[in-house]
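Residue-level structural notes
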Protein chains: 12
Amino acid sequence: MVIHGPNLHLLGKRQPNIYGKVTLNELNKKLYQKATTNNIDIEIIQSNSESKIVDKITNTEYDFLIINPAAFTHTSVAIKDAILAVEKPTIEVHLSNIYKREDFRKHSVISDAVLGVISGFKEASYFLALDYAISCLKNL
Amino acid sequence: MVIHGPNLHLLGKRQPNIYGKVTLNELNKKLYQKATTNNIDIEIIQSNSESKIVDKITNTEYDFLIINPAAFTHTSVAIKDAILAVEKPTIEVHLSNIYKREDFRKHSVISDAVLGVISGFKEASYFLALDYAISCLKNL
Amino acid sequence: MVIHGPNLHLLGKRQPNIYGKVTLNELNKKLYQKATTNNIDIEIIQSNSESKIVDKITNTEYDFLIINPAAFTHTSVAIKDAILAVEKPTIEVHLSNIYKREDFRKHSVISDAVLGVISGFKEASYFLALDYAISCLKNL
Amino acid sequence: MVIHGPNLHLLGKRQPNIYGKVTLNELNKKLYQKATTNNIDIEIIQSNSESKIVDKITNTEYDFLIINPAAFTHTSVAIKDAILAVEKPTIEVHLSNIYKREDFRKHSVISDAVLGVISGFKEASYFLALDYAISCLKNL
Amino acid sequence: MVIHGPNLHLLGKRQPNIYGKVTLNELNKKLYQKATTNNIDIEIIQSNSESKIVDKITNTEYDFLIINPAAFTHTSVAIKDAILAVEKPTIEVHLSNIYKREDFRKHSVISDAVLGVISGFKEASYFLALDYAISCLKNL
Amino acid sequence: MVIHGPNLHLLGKRQPNIYGKVTLNELNKKLYQKATTNNIDIEIIQSNSESKIVDKITNTEYDFLIINPAAFTHTSVAIKDAILAVEKPTIEVHLSNIYKREDFRKHSVISDAVLGVISGFKEASYFLALDYAISCLKNL
Amino acid sequence: MVIHGPNLHLLGKRQPNIYGKVTLNELNKKLYQKATTNNIDIEIIQSNSESKIVDKITNTEYDFLIINPAAFTHTSVAIKDAILAVEKPTIEVHLSNIYKREDFRKHSVISDAVLGVISGFKEASYFLALDYAISCLKNL
Amino acid sequence: MVIHGPNLHLLGKRQPNIYGKVTLNELNKKLYQKATTNNIDIEIIQSNSESKIVDKITNTEYDFLIINPAAFTHTSVAIKDAILAVEKPTIEVHLSNIYKREDFRKHSVISDAVLGVISGFKEASYFLALDYAISCLKNL
Amino acid sequence: MVIHGPNLHLLGKRQPNIYGKVTLNELNKKLYQKATTNNIDIEIIQSNSESKIVDKITNTEYDFLIINPAAFTHTSVAIKDAILAVEKPTIEVHLSNIYKREDFRKHSVISDAVLGVISGFKEASYFLALDYAISCLKNL
Amino acid sequence: MVIHGPNLHLLGKRQPNIYGKVTLNELNKKLYQKATTNNIDIEIIQSNSESKIVDKITNTEYDFLIINPAAFTHTSVAIKDAILAVEKPTIEVHLSNIYKREDFRKHSVISDAVLGVISGFKEASYFLALDYAISCLKNL
Amino acid sequence: MVIHGPNLHLLGKRQPNIYGKVTLNELNKKLYQKATTNNIDIEIIQSNSESKIVDKITNTEYDFLIINPAAFTHTSVAIKDAILAVEKPTIEVHLSNIYKREDFRKHSVISDAVLGVISGFKEASYFLALDYAISCLKNL
Amino acid sequence: MVIHGPNLHLLGKRQPNIYGKVTLNELNKKLYQKATTNNIDIEIIQSNSESKIVDKITNTEYDFLIINPAAFTHTSVAIKDAILAVEKPTIEVHLSNIYKREDFRKHSVISDAVLGVISGFKEASYFLALDYAISCLKNL
């Protein structure tokens, strides 16, 4: 399962110097390809809605979660609680290096609920996370 | 009216050492029974959506509100403003004693908009609140 | 485009000493009239949902945005990011003078993403913003 | 055991808009009645002295403690340590909703040492606590 | 009455990317014109001196005050007290959006003493304020 | 009523460069003389016990209170609440200028519960307070 | 020497519930009378200008200074440095009890440069200070 | 002189993993033995009362003070002032390493009034302090 | 270039629940293998010395830096400045998820000087970083 | 241009252990001599008035500014804005090492608007600044 | 093992009013004597180098560590991590009472990693620690 | 003695817009020349090692120290203590104006241990310091 948070539907159009030029469609296509190549089922959603993300995390069956919480990184205790509740391995990814940006973007309320954090590698942040997820899933 | 906030649909499955083993269905059934026994109409909802909770608070007729804002306790000014706007007696309840938990869970943005707070008695928090509501409604 | 944030559907009924006695319908009617008189197309929405506001900001065509984020003023990084992403001229308006109110209402997470802020003139805050928008749109 | 903290001997005379009009004698009488009706032994004291409260908590036999620490809520580590030391179920009650008052009254040094907190229901705060205590004691 | 605070005599010469290219003389001329057109008496001063501004606010007859406190926005309790003392409707205006600038410029000690704040519209900030003042004065 | 707080029984012996050389006995004798000369009944106590001071404030009849809370200045919410409860005119006095001392001594939890504060005049602090009290009592 | 700070020329007209109803002229007349009665030369000024107050403090001959810094209480390091430089006994007086007011009014940058502080007795604050000054000057 | 602060009468019964298993009686017996062996007069008290501790410190003759202020470590300015007033060599001891515990327990208001601090050696903290005291007293 | 910071020579022996059971030798061997397989030259050092790490960063030729600053993460401005000075792509890695640990470990002074951060995947943190480095180096 | 801030007219008389024994006249004479020797026109003023300093900075022709803002170092945004507006090379000098003094004197609001800061060399602070200015002016 | 931190090679020469007059050589000689008398092997080093201290702690065999981290008390996470990693009983000693000194010296980053802290007894701090270590080692 | 701190061996290569284009060799050569011309012995070192700098400061004979602590400015209590211990006149210099840079670079832990600070004049910072040192040394 891969979840893209709010405003990521604009990926590739919005401030490309910060977030890169790849669009969300292109990114998702590559993620599907990589998953398929490795015989992994993958579901990808993007939502601007905190409640839909909480619903998805708590009401779906999956073995591994990769989430880019975007703006919710800094505000959503509900998503944090959802991750804590389902107790599935979860990776928080960010396109930009959030520690290099405005002060309020340096603090994530999600980070202490996840397995690990990958921040700053543009779309490669997702692929590093997917690599790790695949190697874990193969070891199951 | 009783409102359960985000992730409470998982009640009884999620970290039972913190939140208890009773499921939301079981809890709701007991709340209905108690209300019925006392000739009180009761409506109970659970939602992961801040906007649905705001809609419910501001667009429904009721005399008393019992709310467990869960994760929204710490973040939702919108719910606080809704409670302030309708000016109905409201009790904030928590299953766990929030003052015993992580620092960010100790602060409620809702508490100064409500009549009173009951925190830490597992599902009994709801029943103490309901007792109080019933005694108020009978005095109307 | 004019966006009214959460609980503003209660305008005119809710604490009128703070927010004024004009209802949202009356306010919207006057805004339409003024826009029409000036040959400006105007769309007005009110929503209690952060995600609907983000959707609206990022998925609609418009030249100018007037937004009263209400409770989201103090909490929504998602709306801020939406405004930053679309890069349209935007004015943040408030009915009350937010700097005169409780401490948590003095800080807006939105303000540094907008062109300007107008706060404290009750419904006139909207009309001053609309005046400015009209004069800009006429200069296009 | 019920302990009333400093200045509560003035109950009913002192700022009745905050603390209610019932006097301490009247309140205590009702607490005795309810306990007696339920076949529970109850001891009630009021003290302005932190050391007497610590003595009482640590040197008396009891199964359940209901305490309104009043001003000591915000300052007494000694009472907190006494509660922690005896490890008996304890409920912290407040007549007023302390989260609605001055900043210094919002923080309780006691809350993270107790089972739960009931705040804001005037004298009913004590009766809700007593209800809970009675139901626990009956389950012993 | 319109008061321009310290360093605004440099308007149009100083950092034009922040404050715009219109000079103070040009701005004042337009303000006089607008006032005259609306049959309003207007007095405009610029001063680098906190005490002269306090003298002006407290010793002059006027019905409405528009003030750009400039650097005094962040430091002058004396001007704030003067505004509070005379109890005349007052608008605080800023050429730049102060909430977008350095941290120390985000906080105004004046804002909670005025009717409303208009910030970020370059010289139009003054004209929006004047529009509002005129409409109020006509309603007297 | 004059109340001397903890450690003031050592007055005149303890750090005389801070607190002066007059002993508590000598000071009290002069206070009695002045009160007697003005036909005012005066009661003076010194106590190291917070609870005795609270008892005295809440259980004694008097028209005016002069209190040097000494160390309790910085810690005692119980004394503050006692002063608020009895609603008698009260002056807080200090021998030393507490604003000139260590940081923790600069903040008084008592000051916002009293009529006024006199700090820094050694034993004259008491006499200025007594002068004021006498002039008030004569106007009754 | 008595110095009245900014906005005190409005005394008696401005928020009389905070500052009292006596005008500055009436207050000054009484101060002259009391000084004259005690054979003390007295000079009294009021100024809205920080620099005039600094000039007065540093360039005038006097034995004792009574100053109500008003708004400069919270902002003026220059006045503080002037008081430190001349090393004359100085009393800071306030009409209102500044510790009972808004947070920013509770802190005085002047207090640790003076002999003592008298706050909260309306115009009597000045007379208590003058009493003390007279008794000191008589002991010279 | 050895003073044990509040709740230390429970020593050995209360959370033994933090405070050790030796009871207060056993500890005191050993302290007497060691003092006697070294021809030192020793007085030992335990009190839950801040005022009794202040009385003891200020009204007793002794050459050296060993104090475990327990909960008063974090709150009692009165005890600190008593220690400062009598100017006797004083050692602050703690059974547990207070710097390893909850945040509020890391700060001692007493420490900057004493000669030295010994923290974390269970009952040996007292014996190290007594060793030091004995060696000082022998050098008198 | 791979740099292991202070105490990492103990890897596999020290708190294995936090840092994993793989020793530094084993980890390094695997890193060499992966680099060799991909025809990349790799140099790996471990040092407890801030100055040696600064020397290495600034005086060696390399195209990519992977650094686990360990304890220096939280304290070393010198290493941060070295990374800024050489302007080579750099990844900060951590074995544990530092955002899940003690407060002081949550803040990295290094993070805003690097390209990206990978935290929480035990030794896999290094391999994800190496993957990314290899893919970058192949694109040169 | 050399500007001396408030209270510097007292130089040599005021706390000479902090500020040195040279009077302002003597210092100015030496500054004139050095400038004349180097064929540089120099203007020197001292003022206790923030507005006169702002006027001088913004309304005078000069190539280089040396300013000792004295008390205004810590409070004057107006002087800072004046320096920013004129964009002339400016050196901030202090007689004492301000980083060695009271906390509030350690922070300068001016420092980030100037070319450089020289602090702690008594009157030599001015001469080092003048040396630098002369060498710059000769290179024009 | 005894470790003396940076600048302690100057002991006895440097500010003797703070650190005492005994030189490091004299102190070490006495420590060797006491250890020898008790049949304990002792190794003593002094180093100004954080990395040498980390090396020593992690690469040497010993049963007990006494460390005066001196300046590293306040800054070295690396030494803290080394102590945590080796899990040997460790005592932190200070010559001066660090809680009596400048604010930055009151906080030790080491204290929550050690068994106990002894602060303020000049060189006796070491001997009390050694006494404790010897008694522990004899009980092995 | 002149000491250059960490990363200054890169001077002239590293971010020249901040630190200037002169290399360390060129700078040192000019410093030697100036010293030689004035018959002053000068020793210059650069080190990335905090311990070597502490060794140098405490184990070398010299009359005056000029130090650019670079990154250690913000972190090294050990260097501060070394400077305090040797009690030689010391000047802290910075190439850039540190008060204009990132927040963490504005605070120097060294500044309150030195005679004076010179910041912002690129390599001229050293020469102004050397000028001052020479004039002092000639006056010995």
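Quick note: structure is the one above.
Structural notes, computed from the coordinates. (Residues numbered from 1 in each chain as written. Chains lettered and ligands numbered in written order. Predicted model: local features only at pLDDT ≥ 70, side-chain atom pairs only at ≥ 80, totals over all residues. Heavy atoms only, no water.)

1. Some thoughts on the sheet that holds strand E2 (residues 44-46) of chain L
Operational definition: One requirement defines pairing of two strands: DSSP has to find at least two bridges between them. Secondary structure elements follow DSSP: runs of H or I of four or more residues count as helices, runs of E of two or more count as strands, with numbering from the N terminus. Between the N-to-C directions of two axes lies an angle of 0 to 180 degrees, each axis being a line fitted to C-alpha atoms and, for a helix, fitted only over the stretch in contact.
Spatially, E2(J)-E1(J)-E3(J)-E4(J)-E5(J)-E5(L)-E4(L)-E3(L)-E1(L)-E2(L) is the arrangement adopted by the 10 strands of the open sheet, whose pairing is mixed. Because the sheet does not close on itself, it has two edges, and the strands there are strand E2 (44-46) of chain J together with E2 of chain L. Neighbour to neighbour, the strand axes of the sheet diverge by 15° on average, direction disregarded. Where strand E1 (residues 2-4) of chain L and strand E3 (residues 65-68) of chain L come together, 3 bridges link them in parallel fashion. Bridging across to E3 of chain L, Ile3 of chain L finds its partner in Ile67 of chain L.

2. A few points about the side chain of Lys80 of chain H
Applied cut-off: Burial classification: accessible surface area is computed with a 1.4 Å probe over protein chains only, and a residue below 20% of its type maximum counts as buried, one above 50% as exposed, and the rest as partly exposed.
One can find Lys80 of chain H in helix H4 (residues 77-86). By relative accessible area, Lys80 of chain H is classed as buried at 5%.

3. Quick word on the relation of the copies chain C and chain E
Defined as follows: Superposition of the copies used a least-squares fit over C-alpha atoms from residues whose pLDDT is at least 70 in both. The contact criterion used is simple: two residues touch if any of their non-hydrogen atoms lie within 4.5 Å.
For these two chains of identical sequence, chain C goes onto chain E by a turn of 180° and a shift of 0.0 Å along the axis, with RMSD 0.0 Å. Accordingly, the operation relating the two chain copies is best matched by a two-fold axis. When C-alpha positions in chain C are compared against the rotation axis, the closest is assigned to Ile118 of chain C, at 2.3 Å. Here 100% of the contact residues of chain C are again contact residues in chain E; the copies associate through an equivalent surface.

4. Considering the side chain of Ser76 of chain C
All names here are of chain C. Put simply, the rule reads: Whenever two N or O atoms come within 3.5 Å, that pair is a polar contact, provided that in protein one can donate a hydrogen and the other can accept it, and provided that, for residues adjacent in sequence, both atoms are side-chain atoms.
Looking at the secondary structure, you find Ser76 in the loop between strand E3 (65-68) and helix H4 (77-86). Here the side chain of Ser76 touches Ile79 through a polar contact of 3.0 Å, landing on its backbone nitrogen. Apart from the residues within four sequence positions on either side, Ser76 is in contact with Glu50, Val109 and Ile110.

5. Quick look at the sheet that holds strand E2 (residues 44-46) of chain D
One open sheet accounts for 10 strands, arranged E2(B)-E1(B)-E3(B)-E4(B)-E5(B)-E5(D)-E4(D)-E3(D)-E1(D)-E2(D); its pairing is mixed. Here the strands that pair on one side only, and so sit at the sheet edges, are strand E2 (44-46) of chain B together with E2 of chain D. Across the sheet, the axes of successive neighbouring strands diverge by a mean angle of 15°, strand direction being ignored. Relative to strand E5 (residues 116-119) of chain D, strand E5 (residues 116-119) of chain B runs antiparallel, the two being bridged by 3 bridges. When the sheet's bridge partners are listed, Val117 of chain B is paired in E5 of chain D with Ser119 of chain D.

6. Overview of the relation of the copies chain I and chain A
The transformation that overlays chain I on chain A combines an axial shift of 0.0 Å with a rotation of 180°, and the residual RMSD is 0.0 Å. An overlap of 100% is found between the interface residues of chain I and their copies at the interface of chain A, pointing to a shared contact surface.

7. Things to note about the environment of Ala71 of chain D
Tracing the backbone through its elements, the reader meets Ala71 of chain D in the loop between strand E3 (65-68) and helix H4 (77-86). Through-space distance from the C-alpha of Ala71 of chain D to that of Ile110 of chain D is 11 Å; in sequence the pair is 39 residues apart. Setting aside its immediate chain neighbours within four residues, Ala71 of chain D contacts Pro6 of chain D together with Val77, Ala78 and Asp81 of chain F.

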